[in-house]
Amino acid sequence: MSTIKHNWTKAEILEIYNTPLMELLYRAATIHRKYHDPNTVQVSTLLSIKTGGCPEDCGYCPQAARYHTDIKGNDLMTVQQVKAQALRAKSTGSSRVCMGAAWRNVKDGKEFDQVLEMVRTINKLDMEVCCTLGMVTENQAKRLAEAGLYAYNHNLDSSEEYYKEVISTRGYQDRLDTISNVRKTNVTVCSGGIIGMGETIEDRAGMLVALSTLNPQPESTPINALVAVEGTPLENEKPVEIWDMIRMVATTRIVMPETQVRLSAGRTQMSREGQAMCFFAGANSIFAGDKLLTTPNPDVNEDLKMFELLGLNPQKPFTKKSQPNTVEAKESKIKSLNEKPKWSRPEHKIKGNKETKLNSKASK
Ligand code: SF4
């Protein structure tokens, strides 16, 4: 019988987060050892298969078309380009390729078919394939599963309350609905969030309530530290303190013992010692590669040196779950429904996002 607790309250999570640090680390590390090999870290490579020009208004994101940052957009990559990058990632120890497209939601058609082909191609390289493509319907999730998708990423970003201060073009329930659509397949769920966006500790706990009360809990949870990019509404936010990151990782480990907790954006701001403490606190996954979609990330060689120094080994693909089958396009039994789903357009407006959009226009 599973011993995972699914009814965490905000008060309980806050109490854990605020535990004296040495006690918190000991508790998190003890749980970590019970559920995982502490010397193994899963390595993912994040690939931006379609960059920029996104219609959403996520306050942290340089890919939102309305903010006019320095991001150079590109059309959807070809299957061959993706395959070449995946092979490169594999040769440097990555077990998973996560493909990100700056879309509000998946739309049936030529581009989605191309992404399905990318999924088939990478799965056949015996690597775990993850996609982060925005909101998906149940039928689209099933088509991704049939192609051999291993994981789908869809972050909750923050607590439901603070989410409204960061994003106005879609609602929290849309995120939960997408996760629930993915759960109707065999694809694993990757969902986490970002700290350092101006949220309170209560908001961090609120996000962990939302994630940990999902049943099952996400198989992986990225914890990002905001990378404040010039031109976005959150450009002036202060860098996240390493202690906040360590506390967030440790708390996530305690409330979600089986989840792979991923150190994601913001690693360039962290020392090796800081990262080592995060691994001790229960982080057991990183993103590798010099770019995380569009923001900087430590060099692959730096990470390899850090692994050697700390005695860490990259996790082999399909350690936690077996490799999915790939059904070829011509044999597919799940056809496109050409749906036009009605994802929400919330009424709330965010002053900072509106001002940044207006300032971007004025400076053009
Ligand atoms: S985070 Fe994703 S959905 Fe939001 S603006 Fe960036 S690319 Fe678009």
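Nothing here was measured: the structure is a model prediction, and the numbers come from that model. (Residues numbered from 1 in each chain as written. Predicted model: local features only at pLDDT ≥ 70, side-chain atom pairs only at ≥ 80, totals over all residues.)

1. Quick notes on the site of the ligand
Basically, it comes down to this: The criterion for a residue being near a molecule or strand is simple: its C-beta atom, placed using the backbone, must lie within 6 Å of it. Under the convention adopted here, Pro, Cys and the residues Ala, Val, Leu, Ile, Met, Phe, Trp and Tyr are nonpolar, Asp, Glu, Lys and Arg are charged, and Gly plus all remaining residues are polar.
In the vicinity of the ligand, the residues found are Cys54, Glu56, Cys58, Cys61, Gln63, Ala64, Ala102 and Gly134. Of the residues belonging to the shell around the ligand, the class tally is five nonpolar, two polar and one charged.

2. Let's talk about the pairing of strand β3 (residues 128-132)
To keep things clear, this is the line we draw: Think of it as a crowd count around each C-beta: if 20 or more other C-beta atoms lie within 10 Å the residue is buried, if 12 or fewer it is exposed, and in between it is partly exposed, with C-beta placed from the backbone throughout. Note on conventions: DSSP H or I runs of at least 4 residues are helices, E runs of at least 2 residues are strands, and numbering of each starts at the N terminus. Two strands qualify as a pair provided that DSSP identifies no fewer than 2 bridges between them. With its strands directed away from the observer, a crossover is right-handed exactly when the path from the first strand over the helix to the second travels clockwise.
Taken across its five residues, β3 has five buried, putting it largely inside the fold. Alternating positions in β3 separate into two faces, Glu128, Cys130 and Thr132 on one and Val129 and Cys131 on the other, with burial throughout. Relative to β3, strand β2 (residues 96-101) runs parallel, the two being bridged by five bridges. Bridge assignment links Gly100 to a residue of β3, and that residue is Thr132. For the segment spanning β2, helix α4 (residues 110-123) and β3, crossover handedness is right-handed.

3. Overview of unusual backbone geometry
Cis geometry marks the peptide bond from Asn215 to Pro216, where omega comes out at 0 degrees. With respect to the helices and strands, Pro216 occurs in the loop between α8 (201-212) and β7 (220-225). Backbone geometry places Asp157, a non-glycine residue, at a positive phi of 70 degrees. Along the polypeptide, Asp157 turns up in the loop between β4 (151-153) and α6 (160-163). The exposure class assigned to Asp157 is buried, which follows from the 23 C-beta atoms found within 10 Å. With a phi close to 60 degrees, Phe318 is a non-glycine residue in the positive phi region. With 15 C-beta atoms packed within 10 Å, Phe318 lands in the partly exposed category.

4. Comments concerning the UniProt feature "domain: Radical SAM core" (unreviewed entry) in the chain
Convention followed: UniProt positions are given in the numbering used here, feature names are shortened, and annotations may be inferred rather than shown by experiment.
When the UniProt feature table is mapped to this numbering, "domain: Radical SAM core" (unreviewed entry) covers residues 39-267. Its end C-alpha atoms 19 Å apart, residues 39-267 is made of 34% helix and 18% strand.

5. A word on helix α10 (residues 272-280)
Definition in use: Distance between backbone-placed C-beta atoms decides contact: two residues are in contact if it is within 7 Å.
Every buried residue belonging to α10 is among Gln275, Met277, Cys278 and Phe279, and all of these are buried. Contact partners of the buried residues in α10: β1 (40-50), α9 (242-255), β8 (260-263), β9 (283-288) and α11 (300-310).

6. A look at the nonpolar core
Rule in force here: Put simply, a nonpolar core is a cluster of buried Ala, Val, Leu, Ile, Met, Phe, Trp, Tyr and Cys residues tied together by C-beta atoms within 7 Å.
Of all hydrophobic cores here, the largest spans 95 residues; its most connected members are Val119, Leu144, Leu149, Tyr152 and Val249. In terms of residue count, the dominant contributor to this core is α9 (seven residues). In this structure, Val249 is in contact with Ile223, Val261, Cys278, Ala281, Gly282 and Ala283, ignoring residues within four places of it in sequence.

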